[in-house]
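Structural description and commentary
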Amino acid sequence: MRWLPFQLNPDIPDGGMSRQAYIARKFGPGGNKYERVAAVGRQVGIDFAFDRIQVQPNTVDAHRLLHYADAQSRQDEMAEALFRAYFIEGGNLTDRNTLADIAARAGFDRA
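A brief look at the structure comes next. Quick caveat: nothing in here was measured; it's all calculated off a predicted structure.

The next point concerns helix α1 (residues 19-27). Those residues of α1 that fall on the buried side of the exposure criterion are Arg19, Tyr22 and Ile23. Each buried residue of α1 lies within a common arc of 100 degrees when the element is viewed along its axis, so the set occupies one face. Those residues of α1 that are buried are in contact with β1 (17-18), β2 (55-56) and α4 (75-88). Where α1 ends, the next residue or the one after it, Gly28, has phi of about 95 degrees, a positive value.

Below, the structure written as structure tokens:
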């Protein structure tokens with residue numbers, strides 16, 4: 001399997017945006033459609049923690065990490081680390097220090 005880049009929200013600024021503002025823009029005031037996703041995740045052993053996500057990221061740098069990992073034939077490890085960091089830990093995928101930490105957890109040199 002090979003992961004290919006696709007930005008769901010290419011209009012998000014490089015530094016990301018408030019997750020709360022993103023949700024309001026996407027679903028309207030008070031809207032949040034992730035309860036069903038979280039429930040299905042629990043059924044299959046994934047504890048999504050959408051409430052921990054503070055920043056809706058611009059994912060260009062995360063895609064760059066996946067590209068780098070692909071060149072090392074270790075793209076799956078990087079994808080799993082990125083998904084865990086974002087959806088379970090609420091990691092800010094626009095922050096380069098966070099991305100370096102994620103890469104290290106996936107078995108890459110943090111530098």
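Turning to the environment of Val40, a few remarks are in order. Mapping Val40 onto the fold places it in helix α2 (residues 35-43). Take Val40: its relative accessible area is 41%, and that puts it in the partly exposed class. The spatial distance from the C-alpha of Val40 to the C-alpha of Ile102 is 25 Å, given a sequence separation of 62 residues.

Cut-offs and rules
- The residue count restarts for each chain, going from 1 along the sequence in the order it is written.
- Local features in this predicted model are restricted to residues whose pLDDT is 70 or higher, and side-chain atom pairs enter the listing and the counts only when it is 80 or higher, whereas totals over whole chains, interfaces and linings include all residues.
- Just so you know, side-chain values use all the structure's heavy atoms and leave hydrogens and water out.
- Buried residues are those whose accessible area, probed at 1.4 Å on protein chains only, stays under 20% of the maximum for their type, while exposed residues exceed 50% and partly exposed ones sit between those limits.
- Put simply, DSSP H or I for four residues or longer makes a helix, DSSP E for two residues or longer makes a strand, and each gets a number counted from the N terminus.
- Arc definition: it is the arc formed by the directions from the helix axis to the C-beta atoms.
- Here, two residues are considered to be in contact whenever any of their heavy atoms come within 4.5 Å of each other.

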